[in-house]
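Architecture and fold: a report
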Amino acid sequence: MENYKLFINGEFVDAASGKTFEAIDPGTEQPIATVAQAAKADVEAAIAAARKAFDSGIWSGLAPSARLAKIQDFADQIAQQGLRLAATESQNAGQIMNLAKFMPLLSIGYARNISLYAATKFPWQEEIPASGNAFGPGREFIRREPIGVCVGIIPWNFPMLMAIWKMIPALATGNTVVIKPASYTPLTALILAEAAKAAGIPNGVVNVIPGSGGEVGKILCTHPDVDKVAFTGSTAIGREIMRMASSTVKKVTLELGGKSANIILDDADMSLAVEGATYGTFSHQGQICESGTRVLVSSKIYDQFVEMFKKRAEALRVGYQMDPTSHLGPLVSKEQLATVEGYVKTGKEEGAELITGGKRVEVKGIKGGYYYAPTVFANVKNKMRIAQEEIFGPVVCVIKYDSDEEAVAIANDSIYGLGGGVFSSNTARAERVARGVRTGTMWINNYHIFADFCPFGGYKQSGVGRELGAAGLHEYTQVKRVHASYVADRNTNMNFSLLSDNKRVEGFGYNCPTAVNAGHGALSSISKTIADLGCRRALILTDPGVRKAGLADLVKNALADFCVGIYDKIPPDPDLESVDGATDAARELRADGIVSVGGGSVIDTTKGVCVTLKNGGKANDHLNFLVLTEPQTPHIAIPTTAGTGSEVTNVSVLTSKGAGRKLFIVDTRIMPNAAILDPRFTMTLPNAMTVSTAMDAMTHAVEALTSIMSNQICDGQALHAIRLISENLPLVVADGKNEKARLNMQIAATMAGWAFTIAQVGLAHGMAHTAGTLYHVPHGAACGIVLPKVMRYNVDHATDKLALVAQALGVNTKGMKEREAALAAADAIEDLMKKVGHPLRLRDVGIPEDGLMMCAFHAIADTADLFNARPVNDPMEVFEIYKQAY
Ligand SMILES: NC(=O)c1ccc[n+]([C@@H]2O[C@H](COP(=O)([O-])OP(=O)(O)OC[C@H]3O[C@@H](n4cnc5c(N)ncnc54)[C@H](O)[C@@H]3O)[C@@H](O)[C@H]2O)c1
């Protein structure tokens with residue numbers, strides 16, 4: 001009789017206590033080997049070896065390809081031991097030789113396949129191109145790293161394959177392992193240890209310690225140096241393992257019991273279905289966790305099926321497992337035999353009809369052995385214990401049902417959800433049934449088919465996690481997220497400013513990719529620009545007023561053959577439906593590029609359209625910050641008002657009826673590819689609109705300059721924009737056809753747009769967005785009215801910047817203190833507004849006085865406030881500003 005020892009830290013050793021136990025042949029009840037029996041000291045030694053090996057990096061620190069090479073050597077060593085492994089598995093576990101001979105093959109195949117996958121395809125490191133956090137810019141990536149010391153607790157039905165299913169994914173992902181085989185079947189795991197040693201897997205990486213589940217298992221599941229426990233076995237023990245592992249919050253994967261339903265539909269090929277039910281339940285004496293032990297049969301074919309199934313069960317030969325003619329070998333143990341006998345007794349008592357089997361079998365020429373006849377109970381009700389509890393033997397329950405729906409309901413009426421089958425000649429019907437069953441695996445017209453790359457695991461009380469496939473590898477890794485900040489400066493990191501009085505952000509990035517063509521006749525650049533963008537089918541988006549002014553047709557003419565149509569239904573202050581309507585039109589016309597002709601309403605809608613066209617769905621799906629990872633549908637913007645700036649900005653402001661407020665898409669990728677500033681397009685703009693949209697641009701410039709995000713490039717643009725507006729606005733109000741002044745206004749608006757795209761806006765915008773949402777006050781008008789009040793609110797937080805505004809507005813600041821100059825800037829804005837006839841009070845633009853408080857509460861939550869020079873935290877302060885503007 002052979003002696004097997006424990007495998008700890010690369011050595012085969014006796015148990016510290018010197019104790020051994022016997023491995024038995026269940027077909028003869030004779031001992032076949034003695035095995036060292038691990039106890040506390042041995043378990044601790046194994047864990048310590050695995051811990052040390054893991055922490056040293058000798059295995060975890062190898063490249064996956066280096067681990068692959070070692071696992072291939074391991075697989076070669078398993079192959080060299082193939083016959084010994086198969087014979088030992090058969091003799092010790094009672095697997096018929098016909099089955100056991102495949103086990104080395106399956107083990108080697110899995111080891112090679114999954115370690116190659118781990119080395120070549122597994123996503124060890126992944127970049128996250130758009131993090132979803134707009135305030136913490138930086139590189140984001142995740143790494144998958146090994147968990148550490150992984151314990152594998154192995155069942156007795158497939159001792160070698162289950163040990164491989166635990167060892168290989170753990171090793172391929174860089175973990176170290178401690179394997180505890182079942183006490184009945186310790187031998188093949190120790191032969192695998194020999195193979196690992198021969199392959200040169202470093203000491204401590206693989207440890208195998210047979211011993212009692214109660215003692216050894218308990219230490220493994222509670223030891224602080226163990227990081228993960230993977231267990232295959234009964235649900236009762238699985239619960240206990242989960243409980244024990246919880247004391248140190250170990251990662252746990254569990255492959256537990258089942259009571260799987262094999263559903264025979266009325267259109268099944270009968271001989272196939274009977275064979276599927278036979279193979280699905282009597283393979284390995286029914287000692288397979290996902291066996292189809294509840295055979296659900298349609299009432300239409302029930303009698304015929306039961307008769308054929310009975311005959312087929314009776315034709316199965318029970319014999320010694322190493323006799324090549326045996327179909328079924330012995331059960332694994334005396335205890336398992338007693339369990340099976342107990343359940344058969346229960347079934348009879350419950351009123352199920354025993355139609356064959358139900359007794360032990362004596363095998364000729366052998367004294368003893370735990371043999372049991374293939375047993376079929378018919379007329380079983382699903383609520384009977386024999387249909388609810390896992391028997392783990394050659395006992396099958398046949399249950400009748402009337403409809404596919406009832407079959408699914410019966411299948412799901414179980415605490416388990418591991419496997420299952422459907423037999424049918426109608427694939428669609430079978431798939432429908434398969435989808436309905438809440439279980440981890442369903443086979444159609446087959447059973448017990450596993451595959452290296454296909455995951456296996458349980459729903460409900462059949463388990464936690466998955467084995468095999470990529471999913472199985474993920475179970476042996478944990479995810480580390482790494483954020484590498486762009487900003488390595490404390491004053492540039494916005495979130496650090498939360499704990500600081502200095503909210504100014506000093507560093508900045510400048511990314512304004514819109515190409516600009518400006519000047520009289522700049523429109524003629526459009527055909528080259530659209531061709532350069534690769535578009536052949538441009539759609540013009542506009543609104544009725546702009547169309548009426550003849551501007552859309554001007555563009556259509558310039559686009560010539562590149563134009564597929566004009567869509568002119570965009571309303572002022574667009575909402576999500578406006579975007580969806582225009583997107584539908586673009587889809588219908590198969591537009592591959594959009595030209596927006598209009599003010600902020602048209603350009604913002606178009607930005608939403610370009611995102612929705614590219615990414616699918618509806619506008620509401622895309623309202624977010626910095627999540628676009630690819631270029632959007634090409635967009636050329638032709639502004640027709642005096643100040644939106646949207647033609648070069650990274651924001652689209654859209655009203656959401658669902659949210660009851662304006663929401664944003666903010667992303668560099670929505671910036672138009674090109675903008676055309678042609679003064680002809682603003683010359684038709686009525687005075688009132690000229691003035692209010694110019695004040696929008698003015699607000700952009702002042703708020704960008706005073707924002708906590710302001711920077712030197714944007715400051716320059718903002719100041720020049722303020723100067724251009726203050727000089728040219730009176731000129732265009734006096735003479736709308738003053739082309740030079742119109743162009744200067746367009747350029748100012750574009751510069752202000754660039755400035756605020758990088759530097760952001762502030763409270764005046766927050767307040768104007770609210771007035772627009774709640775009372776439809778035109779955006780520019782609302783901006784203008786509140787701007788001087790907000791400037792005064794900010795006077796002590798942006799004194800220097802506001803003093804510069806005064807100079808840009810032409811105020812003679814000589815002799816003034818900086819604060820005086822800053823306040824003079826606010827006065828100068830009001831003077832300019834008076835001069836050009838801009839409304840000065842909110843009461844004049846349709847806001848009721850009793851609406852101001854509501855406005856204040858809305859405005860306090862606007863994103864723009866985040867960047868305001870003075871922190872905006874108190875709704876009463878905002879209410880006060882609204883009152884001043886009223
Ligand atoms: N995304 C951004 O960067 C940004 C910046 C500022 C404003 N906005 C948004 O833009 C919208 C406001 O845009 P707007 O102020 O440019 O006005 P608008 O686009 O709403 O146009 C206002 C009116 O003016 C008419 N009009 C425009 N140009 C004309 C012309 N040349 N001749 C005759 N009539 C003309 C239009 O038909 C429309 O009825 C708001 O929704 C605001 O939130 C966005």
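Scroll up to find the structure this text is about.
These lines cover the structure that appears in this document, whether it is placed above or below. (Residues numbered from 1 in each chain as written. Predicted model: local features only at pLDDT ≥ 70, side-chain atom pairs only at ≥ 80, totals over all residues. Heavy atoms only, no water.)

**With respect to helix α11 (residues 302-314)**
Just so we agree on the cut-off: Helical segments are the DSSP runs of H or I of at least four residues, strand segments are the runs of E of at least two, and each set is numbered from the N terminus. Here the expected length of a helix is defined as 1.5 Å per residue gap, with one fewer gap than residues. Burial status follows relative accessibility: with a 1.4 Å probe on protein chains alone, a residue under 20% of its type maximum counts as buried, one over 50% as exposed, and anything between as partly exposed. Taken from the helix axis, the directions to the C-beta atoms give the arc we talk about. Residue contacts are defined here by distance: any two heavy atoms, one from each residue, within 4.5 Å place the two residues in contact.
Here α11 is 13 residues long and its end C-alpha atoms lie 18 Å apart, about the 18 Å a rise of 1.5 Å per residue gives. Along α11, the residues that are buried comprise Tyr302, Phe305, Val306, Phe309 and Ala313. What you see down the axis of α11 is that its buried residues fit within an arc of 95°, all on one side. Seen from the open side of α11, the exposed residues pointing more than 90 degrees away from its buried face are Asp303 and Lys311. In this fold, the buried residues of α11 make contact with β13 (261-264), α10 (270-282), β14 (294-298), β15 (353-356), β16 (375-378) and β17 (395-401).

**Looking at the site of the ligand**
Let me state the cut-off plainly: Consider each residue's heavy atoms; a residue with any of them within 4 Å of a molecule or strand counts as near. Side-chain atoms alone can form a polar contact between residues adjacent in sequence; in general such a contact is a pair of N or O atoms within 3.5 Å, and within protein one must be able to donate a hydrogen while the other accepts it. The method behind every accessible area is Shrake-Rupley, applied with a 1.4 Å probe, and residues are considered shielded solely by the protein chains displayed.
Inspection of the region around the ligand gives 27 residues, with Asp543, Gly600, Ser601, Thr640 and Thr649 positioned closest. The side chain of Asp604 places a nitrogen or oxygen atom 2.7 Å from a nitrogen atom of the ligand. Within the side chain of Ser646, a nitrogen or oxygen atom sits 3.2 Å from a nitrogen atom of the ligand. Contact with the protein chains covers 90% of the free accessible surface of the ligand, which is 860 Å². Elements with a contribution of two residues or more to the shell around the ligand: α18 (544-548), α21 (600-615), β29 (651-656) and α22 (687-706).

**Structural notes on helix α26 (residues 779-793)**
Note the threshold: Note on bend: at a given residue it equals the angle between the axes fitted to the 7 residues ending there and to the 7 starting there.
In a regular helix each residue adds 1.5 Å, so 15 residues correspond to 21 Å; α26 covers 20 Å between its end C-alpha atoms and thus fits that length. At Leu787, α26 shows its strongest bend, of approximately 40°, with the proline Pro788 following within four residues. By the criterion of burial, α26 is predominantly enclosed, with 14 of the 15 residues buried.

**Quick word on the environment of His448**
Locating His448 in the fold gives a position in the loop between β20 (443-444) and β21 (459-460). Between the C-alpha atoms of His448 and Val340, which are 108 residues apart in sequence, the distance is 21 Å. Setting aside anything within four residues of it in sequence, one finds His448 in contact with Tyr279, Gly280, Ser283, Ile288, Glu290, Ser291 and Trp443. Within the local environment of His448, its side chain forms a polar contact with the backbone oxygen of Gly280, the two atoms lying 3.2 Å apart. Among the polar contacts made by the side chain of His448, one reaches the side chain of Glu290 at a distance of 2.8 Å.

**Some points on the sheet that holds strand β24 (residues 515-518)**
Applicable threshold: Being paired, for any two strands, means DSSP has found at least two bridges between them. The axes are straight lines fitted to the C-alpha atoms, using for helices just the contacting stretch, and the angles between their N-to-C directions are given from 0 to 180°.
Reading across the sheet, the six strands line up as β24-β31-β28-β27-β25-β26 and stay open at both edges, with parallel pairing between neighbours. The open sheet is flanked by β24 and β26 (563-567), the only strands paired with a single partner. In this sheet, neighbouring strand axes are inclined to one another by 15° on average, regardless of whether the strands run parallel or antiparallel.

**Focus on the packing of aromatic side chains**
Given two aromatic rings, their pairing is described by the distance between the two centres and the angle made by the two planes. Test applied: Pairing of aromatic rings covers Phe, Tyr and the six-membered ring of Trp, with a centre-to-centre limit of 6.5 Å; geometry is then stacked below 30 degrees between planes, edge-to-face above 60, and tilted otherwise. Here, over-ring charges are defined by two tests on the NZ atom of lysine or the CZ atom of arginine: distance to the ring centre within 6 Å, and angle to the ring normal within 35 degrees.
Tallied over the entire structure, the rule returns 13 aromatic pairs. Ring centres of Trp156 and Tyr184 lie 6.5 Å apart, and the angle between their planes is 70°; on these two criteria the pair is classed as edge-to-face. A residue pair is termed long-range when its members are at least 10 positions apart, and Trp156 in the loop between β8 (149-153) and α6 (159-172) and Tyr184 in the loop between β9 (176-180) and α7 (187-198) qualify at 28 residues. Feature note: the residues Trp165, Trp443, Tyr447, Phe450 and Phe456 constitute an aromatic cluster, connected by ring pairs. Residue placement shows Arg139 over the ring face of Phe141; its charged tip is 3.9 Å from the ring centre.

**Points about unusual backbone geometry**
A positive phi angle is found at Asp573, which is not glycine, with a value near 45°. Along the polypeptide, Asp573 turns up in the loop between β26 and α20 (576-588). Look at Asp573 and you get partly exposed, because its relative accessible area is 25%. The residue Leu626 is not glycine, and still its phi comes out positive at about 50°. Along the polypeptide, Leu626 turns up in the loop between α21 and β28 (635-639).

**Focus on the environment of Asn426**
Here Asn426 shows up in the loop between β19 (420-423) and α15 (427-436). When its relative accessible area of 32% is taken as the criterion, Asn426 is described as partly exposed. Distance from Asn426 to Ala268, taken between C-alpha atoms, is 8.1 Å for residues 158 residues apart in sequence.

**A closer look at the sheet that holds strand β4 (residues 20-25)**
Here we have three strands laid out as an open sheet, ordered β1-β5-β4, and mixed in their pairing. This sheet does not close on itself; its edge strands, each paired only once, are β1 (2-4) and β4. Strand-to-strand twist in this sheet, taken as the mean axis angle between neighbours without regard to direction, amounts to 35°. Bridging between β4 and strand β5 (residues 30-36) involves six bridges; their strand directions are antiparallel. Looking at the pairing, Glu22 lines up with Thr34 of β5. Those strands touched by helix α3 (residues 82-93) are β1, β4 and β5, and its axis lies near 85° from that of β4.

**Side note on the packing of helix α1 (residues 40-56) against helix α8 (residues 213-222)**
To describe two helices that pack against each other, one gives the angle between their axes and the distance between the axes. To be explicit about the condition: What makes a crossing left-handed is the near helix being turned counterclockwise from the far one by less than a right angle; a clockwise turn instead makes it right-handed. For this classification, Asp, Glu, Lys and Arg are treated as charged, while Ala, Val, Leu, Ile, Met, Phe, Trp, Tyr, Cys and Pro are nonpolar and the rest, including Gly, are polar.
Contact pair α1 / α8: the axes reach a minimum separation of 10 Å and the direction vectors enclose 35°. Where α1 crosses over α8, the handedness of that crossing is right-handed. Of the residues in α8, those touching α1 at Lys40, Val43 and Ile47 are Glu215, Val216, Ile219 and Leu220. Residue composition of the contact of α1 with α8, by class: five nonpolar, no polar and two charged.

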